[in-house]
Amino acid sequence: MSAPHAALAASPWVLRWSALLAPAARVLDVACGSGRHVRHLALLGHRVTAVDRDALALDPLRSLADVVVADLEAGTWPFSTQRFDAVVVTNYLWRPLLARLVESVAPGGLLIYETFALGHQSVGKPSNPDFLLRPGELLDAVRGELRVLGYEDGFVDTPARFVQRIAAVREAPGVATAPTSPPRYLL
């Protein structure tokens, strides 16, 4: 896959965990940019809301999703009372927004988050620590609110980057969430 096409491909992390979504789930793609995950999720039949501050990048997504042009760093959170079956965030970090993102996950819903982590400055941009997750930061963000289904923090080689990623569910009251895979036993 050539580099321009690779940039349009959905993240394997998002592909893996979005497979757990019920049909026609309500999904919020935060700081969606050109919409690689919006496209993937809409093609699966989900009802997607795409939010980004770049109106030009959002224009081609209007036929696939509800589009919201908003500066999430300077403005107010445009989804104050809404809850989503999934909140998807990739390659974006604005720490003041972390609690809002967790709050926006509906009972039974997922948070699927993947972005750059400390160490990334050694291989590329972003290199500013303000935009790199500290060790365990996503775990801290969901602690006491969501149950972690998957978590990784480390180096990925294609393309070379340091990432932290989490998939976590807000368990519905009185409903235990089934394991996502059979248990593995170490002998």
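Notes on the structure follow. Fair warning: this is a prediction, and the values are worked out from it, not measured in the lab. (Residues numbered from 1 in each chain as written. Predicted model: local features only at pLDDT ≥ 70, side-chain atom pairs only at ≥ 80, totals over all residues. Heavy atoms only, no water.)

With that out of the way, let us pick up the side chain of Thr-49. Checked against the element boundaries, Thr-49 lands in strand 2 (residues 47–52). For Thr-49, a relative accessible area of 8% puts it in the buried group. Those residues in contact with Thr-49, other than ones at most four positions away along the chain, are Val-27, Leu-28, Asp-29, Asp-66, Val-68, Phe-79 and Phe-84. (Helix = DSSP H or I, 4+ residues; strand = E, 2+ residues; numbered from the N terminus. Buried < 20%, exposed > 50% of the residue type's maximum accessible area, 1.4 Å probe, protein only. Contact = heavy atoms within 4.5 Å.)

Right, let's talk about the environment of Arg-143 for a bit. Turning to its location among the elements, Arg-143 is positioned in the loop between helix 6 (137–142) and strand 6 (147–157). In this structure Arg-143 comes out as exposed when scored by relative accessible area, which is 56%. Along the chain, Arg-143 and Val-102 lie 41 residues apart, while their C-alpha atoms are 9.9 Å from each other. One polar contact links Arg-143 to Asp-140, side chain to side chain, over a distance of 2.5 Å. (Polar contact = N/O pair within 3.5 Å; in protein donor to acceptor, adjacent residues only side chain to side chain.)

Further remarks concern the environment of Asp-52. Looking at where Asp-52 falls in the secondary structure, it is placed in strand 2. Exposure remark for Asp-52: the relative accessible area of 11% places this residue in the buried category. Placed 15 residues apart in sequence, Asp-52 and Val-67 show a C-alpha to C-alpha distance of 8.3 Å. Polar side-chain contacts of Asp-52 include one of 3.3 Å to the backbone nitrogen of Cys-32. Of note is the side chain of Asp-52, whose polar atom sits 2.7 Å from the backbone nitrogen of Gly-33.

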